[in-house]
Amino acid sequence: MDFIKFDAEKCSLCGVCVEKCPFGALSMGEKGITVGDTCRMCGLCVRQCPEKAIKFEQKANAVDKSQWKDFLVFVEQEYGDIHPVAYELIGEAKKLAAKVGYCVNCVIIGGKGTEENAKKLLPYGVNQVFVYEHPGFEGFRADCYADAAADCIAAVKPSSVLIGATALGRSLAPRLATRFHTGLTADCTSLDIKPNTDMIQIRPAFGGNIMAQISIAKSRPQFATVRYRVMDRAKREDHPTGKIVRCSVTDDMARSRIEILSSKLIDKGKSLEEEDIIVVAGRGARDERGVKLCRELAEALGGQLAFTRPMVENGFGDTAHQIGLSGRTVRPRLIITCGVSGAIQFTSCMNGSECIVAVNTDPDAQIFQVAHYCLVEDLYELVPRLTERIKKHKEEESNAVSI
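Residues numbered from 1 in each chain as written. Predicted model: local features only at pLDDT ≥ 70, side-chain atom pairs only at ≥ 80, totals over all residues. Heavy atoms only, no water.

A. A look at the overall build of the chain. Along the chain, the regular secondary structure elements total 11 helices and 21 strands. Expressed as lengths along the three principal axes of its C-alpha atoms, the size of the chain is roughly 85 × 45 × 45 Å. Counting contacts in the chain only where the partners sit at least 6 residues apart, residues at least 24 apart contribute 65% of the total. Accessible surface, the chain: about 20500 Å² in total, of which carbon and sulfur atoms supply 49%. Once the 52 positive and 52 negative side-chain charges of the chain are each reduced to a mean point, those two points are 3 Å apart. (Helix = DSSP H or I, 4+ residues; strand = E, 2+ residues; numbered from the N terminus. Contact = heavy atoms within 4.5 Å. Areas by Shrake-Rupley, 256 points an atom, 1.4 Å probe, with all protein chains shown as cover. Lys, Arg positive; Asp, Glu negative; His and termini not counted. Charge placed at Lys NZ, Arg CZ, Asp CG, Glu CD.)

B. Main features of unusual backbone geometry. Between Arg220 and Pro221 the backbone carries a cis peptide bond, its omega angle lying at 0°. Note that Pro221 resides in the loop between strand 14 (210-214) and strand 15 (222-226). Phi angles above zero are rare outside glycine, and Leu13 is one such case at about 55°. Within the secondary structure, Leu13 sits in the loop between strand 1 (4-6) and helix 1 (16-20). Owing to a relative accessible area of 46%, Leu13 belongs among the partly exposed residues under this scheme. Here the phi dihedral of Arg229 falls at roughly 70°; this positive angle occurs in a residue that is not glycine. (Buried < 20%, exposed > 50% of the residue type's maximum accessible area, 1.4 Å probe, protein only.)

C. View of the side chain of Asn117. Mapped onto the fold, Asn117 is located in helix 4 (residues 114-119). The exposure class assigned to Asn117 is buried, which follows from its relative accessible area of 5%. When neighbours within four sequence positions are excluded, Asn117 is seen to be in contact with Gln77, Gly80, Asp81, Ile82 and Ile108.

D. The arrangement of the nonpolar core in detail. Counting 34 residues, the largest nonpolar core has Phe71, Leu121, Val129 and Leu191 as the members making the most contacts within it. Among the secondary structure elements, those contributing two or more residues to this core are strand 5 (71-75), helix 3 (85-100), strand 8 (104-110), strand 9 (128-133), strand 12 (190-193) and strand 15. A per-element tally of this core places helix 3 first, with 8 residues. Membership of the second largest hydrophobic core comes to 30 residues, among which are Ala148, Leu176, Phe223 and Val249. (Core = buried A, V, L, I, M, F, W, Y, C linked by side-chain atoms within 4.5 Å.)

E. Here's a closer look at helix 8 (residues 288-301). Taking 1.5 Å per residue as the helical rise, helix 8 with its 14 residues ought to reach 20 Å, and the 20 Å between its terminal C-alpha atoms agrees with that figure. Of the residues making up helix 8, those classed as buried are Gly290, Val291, Leu293, Cys294, Leu297, Ala298, Ala300 and Leu301. Positive phi appears at Gly302, one or two residues downstream of helix 8, with a value of about 80°. (Expected span 1.5 Å × (residues − 1).)

F. Quick look at the pairing of strand 5. For strand 5, the tally of buried residues reaches 5 of 5 residues, placing the bulk of the element in the interior. With burial as the criterion, each face of strand 5 is covered, one bearing Phe71, Val73 and Val75 and the other bearing Leu72 and Phe74. Examined bridge by bridge, strand 5 and strand 8 share 5 bridges and lie parallel to one another. Looking at the pairing, Val75 lines up with Ile108 of strand 8. Here 3 bridges tie strand 5 to strand 10 (residues 160-164), and the two strands are oriented parallel to one another. (Pairing = 2+ DSSP bridges.)

G. Up close: the state of the cysteines. Applying the stated criterion across every chain yields a total of 0 disulfides. With no disulfide of its own, Cys144 lies closest to Cys152 among cysteine sulfurs, the gap being 15 Å. (Disulfide = S-S within 2.5 Å.)

H. Looking closely at the layout of surface pockets. What the largest pocket holds in volume is close to 1400 Å³. In terms of lining residues, the largest pocket is bounded by 49 residues, among which Glu76, Gln77, Glu78, Tyr79 and His83 are the most central. Of all the elements in the fold, those that place two or more residues in the lining of the largest pocket are strand 5, strand 6 (77-78), strand 8, helix 4 and helix 6 (167-179). The element best represented in the lining of the largest pocket is helix 6, accounting for 3 residues. In terms of residue class, the lining of the largest pocket is built from 17 nonpolar, 19 polar and 13 charged. Estimates place the volume of the second largest pocket at around 750 Å³. What lines the second largest pocket is a set of 27 residues, and nearest its centre among them are Phe23, Arg40, Asp143, Asp147 and Arg179. (1 Å grid on protein atoms, 1.4 Å probe; cavity = no way out; pocket = protein on both sides within 12 Å on 5 of 7 lines; lining within 4 Å. Points joined across faces, edges and corners; volume = space filled by probe spheres on them. Nonpolar A, V, L, I, M, F, W, Y, C, P; charged D, E, K, R; others polar.)

Next up, the structure:
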């Protein structure tokens, strides 16, 4: 670490800082005190030094990029299994890695069963999966998970680290970026990489009015979080050659300052991101009747009803069913937007859908620029007819099967 500075003239090599460091980051070297990668810049050594020979300078310096190689994907576990966003991150990492001759590695942290889950990753062409399994990692606690992930990053020295933009990932990623004094781009919608290994991290900015291209030119590793259902899932390989690397976990690493008093597993319904068919109610569905028509269409199709941000703000829906930068990103097989204008804050989070059908009375609506089928109609007239036709078709199919 270049952020802890020692004044050689003042330092008496008493070793107090080495003894007091709670993370074992300081050691006595041939030329004085050395600082390891486990340093968290907590400043305790600065306060404990009797000679006042230590100072903390929070200034990022350039690193030798050649010492930081490959991609590292953080694999989240949910309900005892791997979160699907991990497979999307692996798929994207493999695309980028192929451009610069890198490998793709994974790190997975958790309690009992973590190593078994790690084996599920090998068929997707990853090089190594670093496993941190310990009873203390049962249930996510940000402090000890950050300790384990930082331990892996310090040892492996990846050029880039990809983390899912889930509730867990959004808690973990900034902690890691802070520890390594490097950059983090949150909620990326696209990634690319330069020949010099600088990753181009693309995400909407200024309220979604522009697509910013962000790169971390001097420091490493490069951190990015990516939303679920934004990237393509990795494909299985016929002859995988990856291996599991079980990493040692100290009691200190797995010890958390957070105590879980009790926990309860809630029933998990099908999330909006996992839905194959979605009907969206926009501002054109201006009242309860309009929302009801959209809901009936969604139910007839066997899908879910979603909303734009203005509809949620007006009390018609909740953020769990909101599509947009401040809501969810979706990639269903079919999405029907009803009365949605098509601002970039919305379209950037659904334009990867296989089939987009847009209903709007305005022939110049922005949503028509991304839609596959554009219907210039009043949703109050079209949606009921469409719902009735779908119900009739299902009834005919049911009768044909029973006969």
